[in-house]
Structures are given as structure tokens and as C-alpha cells.
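Each chain is listed here by its residues.
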Amino acid sequence: MANLMNNDVFLAFSTYATIVILKMMFMAPLTAYFRITRKAFSNWEDTAMGKKEPEERKKMLQTNPDVERVRRCHQNDIENIVPFVVIGLLYAFTGPDLSTALLHFRVFVGSRFIHTVSYVLALPQPSRGLSWVVGMITTFSMAYRVLTTALLL
Amino acid sequence: MANLMNNDVFLAFSTYATIVILKMMFMAPLTAYFRITRKAFSNWEDTAMGKKEPEERKKMLQTNPDVERVRRCHQNDIENIVPFVVIGLLYAFTGPDLSTALLHFRVFVGSRFIHTVSYVLALPQPSRGLSWVVGMITTFSMAYRVLTTALLL
Amino acid sequence: MANLMNNDVFLAFSTYATIVILKMMFMAPLTAYFRITRKAFSNWEDTAMGKKEPEERKKMLQTNPDVERVRRCHQNDIENIVPFVVIGLLYAFTGPDLSTALLHFRVFVGSRFIHTVSYVLALPQPSRGLSWVVGMITTFSMAYRVLTTALLL
């Protein structure tokens with residue numbers, strides 16, 4: 001156990017994986033914030049805060065563009081951050097140089113923060129598209145090292 | 001390899017992570033059950049069971065509130081259980097006390113079972129909201145230990 | 001660190017987990033391909049390629065059956081491949097025979113490739129349903145070994 005925590009690449013992976021997972025988790029309270037301020041809920045039981053007429057509550061069961069935007073951003077995080085975490089962990093076990101590993105982790109995590117800002121603020125393309133591609137390429141690069149180092153089919 | 005399996009915190013993590021992932025997987029057959037009993041499918045090829053007129057099959061390509069509820073519960077599992085598994089694994093490597101680790105794992109897994117029951121049965125709030133927050137806090141607490149123990153930026 | 005990379009079951013897991021995660025990631029460019037060829041986008045800023053009238057851009061904010069099909073396939077990957085990766089990693093640590101482990105990894109990864117082809121090409125059931133069930137059973141079988149080997153509640 002102590003061995004892993006004495007390994008710098010594993011420490012760096014733990015740090016960046018935790019940061020980017022926390023960023024992903026942050027999308028949930030952000031969705032809740034937009035649901036409450038835009039009064040746009042999916043579940044009948046969520047519309048009961050305060051004293052309200054049934055008619056008023058029914059109107060709150062709606063979709064809202066701001067809520068849907070944050071939810072798409074959250075979904076994109078899941079589709080990209082989960083592969084990074086899995087392949088990044090296996091990559092850390094292949095014993096790369098610390099500087100090379102740090103480069104991968106920093107570029108990926110940075111790209112995902114830029115992606116989130118681009119998505120939530122609806123910045124003009126290709127800001128969001130480019131940050132998404134950079135993250136994908138970083139993960140592919142680590143996957144390439146895993147497959148060339150550890151291949152056993 | 002044997003080292004990890006001699007470590008009680010890692011054994012406890014393996015047990016609780018497996019249980020909560022199995023709980024998450026259970027949402028898929030539950031969705032299938034509601035799709036079949038409510039006759040609400042997303043794919044044309046799924047409506048072919050039994051001999052049916054094309055008109056009848058077209059009606060089965062609909063959304064149903066019960067199906068959508070289970071799907072939202074499944075999605076919420078993905079958004080919360082995946083972060084728990086990633087951060088919980090890294091947390092296990094930081095060498096916490098077994099009793100502290102067990103407390104985290106038990107509270108998280110318990111909160112997710114309560115969350116599922118609250119969601120699927122549409123129990124009044126704040127039952128679902130509270131169980132969701134408890135799970136989030138448990139994961140944050142483990143992330144805090146990972147970042148304070150393993151920080152390498 | 002080197003210990004893990006000298007373990008054949010862990011090498012095999014690394015290989016198959018990376019392959020199946022790359023397959024999952026492939027769904028994203030496939031979605032982008034269908035969005036562009038079908039002119040069906042979710043975000044206003046994505047409709048700006050080329051010189052276009054606002055009216056024309058508004059029409060591109062639509063859902064398309066082909067896009068939605070690929071997205072459902074991607075979502076099903078997340079719901080099934082993430083549990084495989086988590087439980088497969090823990091399973092590798094229980095020290096199974098290499099041949100037994102390889103059987104599990106190969107059957108799972110094979111079933112997911114068949115699932116994707118069945119889904120995207122809309123092959124008649126039960127091709128998609130069966131490949132999904134085979135993947136689930138493989139993951140359950142590994143979860144059973146984890147729980148019987150590593151149980152610590």
C-alpha cells in the first residue's frame with residue numbers, strides 16, 4: 001500500500017483525478033441552482049417547496065434551456081472524465097516519466113475546465129469543440145502507452 | 001497483488017464498491033421491467049415481441065413517466081457512484097483507519113439505497129434530496145483526505 | 001508498481017479495459033458525424049459553421065432519430081462498461097487463473113462490440129438484448145468472485 005503512495009506518478013494521478021472528479025460533481029449543484037432559479041423541475045415532489053397551488057406546481061414541471069445546457073455539460077464530463085480516470089490509472093502503472101505524466105494530467109484537466117466554461121457560458125465555437133478534442137487526444141496518448149506497454153490479449 | 005488483498009481497508013472498499021455498483025446495475029432491468037409493463041420503448045426493433053400491427057407498434061414508441069423516473073434515478077447513480085468509486089479507491093490507498101474508512105463506505109452506500117427507494121417510490125422531499133447530500137458529503141470528505149495526503153500538482 | 005505490471009491478469013485487464021473504453025469513446029465522434037450529416041444540433045453556437053441565416057440555424061436545433069440512437073448506445077455503454085471496469089479491476093486483485101480471467105474479459109468486450117453493431121445498425125432483436133445480457137452476466141460472475149474472496153462488511 002505504502003509503495004503506491006511513495007510513487008510520484010501515482011500521487012500526481014491521485015491529485016488530478018480527484019480535482020477533475022470534483023469539478024464533474026460540481027455540475028450537480030449547478031444544475032440544482034438553475035432548476036430552482038428557472039423553476040424547471042423533472043419530479044412532481046420537487047415542486048412542493050413553499051405553499052403552492054397544484055396549477056402553479058404543474059407549470060414548474062418544464063424543461064428550461066439553461067438547465068438542459070448544464071445537464072449536457074455534465075453528461076459530456078461523464079463521457080470524457082471517466083475514460084481519463086480509467087486509462088490514467090492504468091497509465092500510471094506503466095511507469096512513465098513524472099514530467100511526461102504531469103504534462104498529460106495538466107493538459108487534460110485544464111482542457112476540461114475550459115470546456116465547462118465554454119459550455120456553460122455558450123462561448124462561440126470552436127472554444128468548446130477544441131477543448132473537447134484536446135482532452136480526447138490526451139486520453140488517446142495515454143491509452144497508446146498502456147497498450148504498447150501492457151498488451152496481453 | 002497479495003498485498004492489496006491483505007489490506008483490510010482495501011477489502012472493505014472492494015466489498016462496498018461492488019455492492020453499490022451492483023445496485024446501480026439493477027436500475028437497468030428495472031427500466032426494462034417498466035418499459036415492458038408500460039409498453040414504452042425507444043427503439044422500433046424493441047416493439048416486435050408477439051404478432052403486432054405496425055400501428056400498434058408505433059404507439060409503443062412513447063415516453064412514460066414511470067420509465068423516465070427510473071432512468072433519472074439511474075443517471076443520478078452514475079453521477080454520484082462513479083465519483084465515489086474513483087475517490088474511494090484513491091482514499092483506500094492513503095491508509096486511513098479501518099473504522100473511519102468503514103464509516104465512509106457504509107454511510108455512502110446506505111445513502112444511495114435510501115436515494116433509490118426515495119426516487120423510485122416518489123417519496124416526499126427532502127428524503128431524496130437529503131440522501132443525495134449525505135452521499136456527496138461522504139465523497140467530499142474522502143476527497144479532502146486524498147488531496148491533503150497525496151497532493152502533487 | 002513494477003509488481004502489478006508483472007502480473008499477467010492485471011496486464012490482461014489493462015488491455016481489455018483500455019480497448020473497451022476506447023470503443024466507448026468512439027461513440028462521441030460517431031454522434032458528431034450524425035449531428036453534422038443530419039444537421040441536428042443541441043446548441044445554438046454549434047449551428048454557426050458556414051454563412052447562414054438565423055432562420056436556417058434555428059431549423060438545425062432539432063432532434064434526429066439517427067443521432068438519438070447513437071446517443072442511447074453511448075449511454076448504454078456508460079451504464080455497462082463502467083461497472084465492468086470497476087468490478088474487473090477488483091476481480092484482477094482476487095488472483096484468478098489467467099485463463100478464467102481472459103475468458104471473462106474477452107466475452108465482455110466481445111459482447112459490447114456486438115451490442116454496438118446491433119444498436120447502431122438497428123438489427124432485429126434479440127441480437128442487442130442478448131449481447132447486453134451476456135455482458136451483464138460476465139460482470140455479475142466477476143462480482144461474485146470479488147464478494148466471496150474479499151468480503152469485509
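Residues numbered from 1 in each chain as written. Chains lettered and ligands numbered in written order. Predicted model: local features only at pLDDT ≥ 70, side-chain atom pairs only at ≥ 80, totals over all residues. Heavy atoms only, no water.

- The name an unreviewed UniProt entry assigns to chain A is Microsomal glutathione S-transferase 1, from the organism Sinocyclocheilus grahami.
- Comment text from UniProt for chain A, heading Sequence similarities (unreviewed entry), reads "Belongs to the MAPEG family."
- Quoted verbatim from the Subunit (unreviewed entry) field of UniProt, the annotation for chain A is "Homotrimer; The trimer binds only one molecule of glutathione." (UniProt positions renumbered as here; feature names shortened; annotations may be inferred.)

1. Section: the overall build of chain A
Right, on to step 1. Helix and strand counts for chain A stand at 6 helices and 0 strands.
Right, on to step 2. Its helices and strands taken in sequence order, chain A reads α-α-α-α-α-α from the N to the C terminus.
Right, on to step 3. The principal-axis extent of the C-alpha atoms belonging to chain A is close to 65 × 40 × 30 Å.
Right, on to step 4. Taking all 153 residues of chain A together, the buried fraction comes to 54%.
Right, on to step 5. Long-range contacts, defined here as pairs at least 24 residues apart, represent 72% of the contacts in chain A between residues at least 6 apart.
Right, on to step 6. Of the accessible surface of chain A, which amounts to about 6,800 Å², a share of 64% is contributed by carbon and sulfur atoms.
Right, on to step 7. Seen as two clouds, the 16 positive and the 11 negative side-chain charges of chain A have centres 3 Å apart. (Helix = DSSP H or I, 4+ residues; strand = E, 2+ residues; numbered from the N terminus. Buried < 20%, exposed > 50% of the residue type's maximum accessible area, 1.4 Å probe, protein only. Contact = heavy atoms within 4.5 Å. Areas by Shrake-Rupley, 256 points an atom, 1.4 Å probe, with all protein chains shown as cover. Lys, Arg positive; Asp, Glu negative; His and termini not counted. Charge placed at Lys NZ, Arg CZ, Asp CG, Glu CD.)

2. Quick look at helix α6 (residues 127-150) of chain C
Right, on to step 1. Between its first and last C-alpha, α6(C) extends 35 Å over 24 residues, near the 34 Å set by a 1.5 Å rise per residue.
Right, on to step 2. If you check which residues of α6(C) are buried, you get C:Arg128, C:Ser131, C:Trp132, C:Gly135, C:Met136, C:Thr138, C:Thr139, C:Met142, C:Ala143, C:Val146 and C:Ala150. (Expected span 1.5 Å × (residues − 1).)

3. Some thoughts on the interface of chain A and chain B
Right, on to step 1. Listed per partner, the contact involves 34 residues of chain A and 33 residues of chain B.
Right, on to step 2. Taken together, the two surfaces of chain A and chain B that pack against each other cover about 2,800 Å², and 73% of this comes from carbon and sulfur.
Right, on to step 3. With a closest N to O distance of 3.5 Å, A:Glu45 and B:Arg128 form a salt bridge.
Right, on to step 4. Put simply, chain A and chain B have 10 residue pairs in polar contact (both at pLDDT 80 or more) between them.
Right, on to step 5. Elements supplying a minimum of two residues to the side of chain A that touches chain B: α1 (2-5), α2 (8-38), α4 (65-93) and α5 (98-120) of chain A.
Right, on to step 6. In terms of residues, the side of chain A that touches chain B owes the most to one element, α2(A), which gives 17 residues.
Right, on to step 7. Its residues placed into classes, the side of chain A that touches chain B shows 23 nonpolar, 7 polar and 4 charged. (Buried area = accessible area lost by both parts, 1.4 Å probe. Salt bridge = Lys/Arg side-chain N within 4 Å of Asp/Glu carboxyl O. Polar contact = N/O pair within 3.5 Å; in protein donor to acceptor, adjacent residues only side chain to side chain. Nonpolar A, V, L, I, M, F, W, Y, C, P; charged D, E, K, R; others polar.)

4. Some remarks on the environment of C:Val9
Residue and element names in this part refer to chain C.
Right, on to step 1. Mapped onto the elements, Val9 comes out in helix α2 (residues 8-38).
Right, on to step 2. The buried category is assigned to Val9, whose relative accessible area is 6%.
Right, on to step 3. Put simply, Val9 and Ala101 are 92 residues apart on the chain and 6.6 Å apart in space, counted from C-alpha to C-alpha.
Right, on to step 4. The contacts of Val9, once residues within four sequence positions are left out, are Ala92, Pro96, Asp97, Leu98, Ala101 and Phe105.

5. Here's the deal with the interface of chain B and chain C
Right, on to step 1. Contacts between the two partners involve 34 residues from chain B, matched on the other side by 33 residues from chain C.
Right, on to step 2. Buried surface at the junction of chain B and chain C, summed over both partners, amounts to about 2,800 Å²; 73% is from carbon and sulfur atoms.
Right, on to step 3. There are 3 salt bridges connecting chain B and chain C.
Right, on to step 4. As a salt-bridge pair, C:Arg128 and B:Asp46 come within 2.9 Å of each other at their nearest N and O atoms.
Right, on to step 5. At the boundary of chain B and chain C, one finds 10 residue pairs in polar contact (both at pLDDT 80 or more).
Right, on to step 6. Sorting the residues of the side of chain B that touches chain C by element identifies α1 (2-5), α2 (8-38), α4 (65-93) and α5 (98-120) of chain B as the ones contributing at least two each.
Right, on to step 7. Here the side of chain B that touches chain C gets 17 residues from one element, more than from any other, and that element is α2(B).
Right, on to step 8. Counted by class, the side of chain B that touches chain C contains 23 nonpolar, 7 polar and 4 charged residues.

6. Things to note about empty space enclosed by the protein
Right, on to step 1. Tallying each qualifying case throughout the model produces 3 cavities of 30 Å³ or more.
Right, on to step 2. Volume-wise, the largest cavity comes out at about 260 Å³.
Right, on to step 3. Lining the largest cavity are 19 residues, with A:Val86, B:Val85, B:Val86, C:Val85 and C:Val86 sitting closest to its centre.
Right, on to step 4. Counting only elements with at least two residues in the lining of the largest cavity, the list comes to α4 of chain A, α4 of chain B together with α2 and α4 (65-93) of chain C.
Right, on to step 5. Of the residues that constitute the lining of the largest cavity, the class distribution is 19 nonpolar, no polar and no charged. (1 Å grid on protein atoms, 1.4 Å probe; cavity = no way out; pocket = protein on both sides within 12 Å on 5 of 7 lines; lining within 4 Å. Points joined across faces, edges and corners; volume = space filled by probe spheres on them.)

7. Describing the relation of the copies chain A and chain B
Right, on to step 1. By a simple turn and slide, chain A fits onto chain B: the slide is 0.0 Å along the axis, the RMSD is 0.0 Å, and the turn is 120°. Both copies are brought into coincidence by an operation consistent with a three-fold rotation axis.
Right, on to step 2. An overlap of only 18% is found between the interface residues of chain A and their copies at the interface of chain B, pointing to separate contact surfaces. (Least-squares fit on C-alpha atoms with pLDDT ≥ 70 in both.)

8. Topic: the packing of α2(B) against α5(B)
Residues and elements named next belong to chain B.
Right, on to step 1. At a minimum axis distance of 9 Å, the contact between α2 and α5 shows a crossing angle of 10°. Considering the angle they form, α2 stands roughly parallel to α5. The residues of α5 that touch α2, namely those facing Asp8, Val9, Ala12, Phe13, Tyr16, Ile19, Val20, Lys23, Met27 and Leu30, are Leu98, Ala101, Leu102, Phe105, Arg106, Phe108, Val109, Arg112, Phe113, Thr116 and Val120.
Right, on to step 2. Its residues assigned to classes, the contact of α2 with α5 comprises 16 nonpolar, 1 polar and 4 charged. (Axes fitted to C-alpha atoms, helices over the stretch in contact; angles between N-to-C directions. Parallel < 35°, antiparallel > 145°, perpendicular 65-115°, else oblique.)

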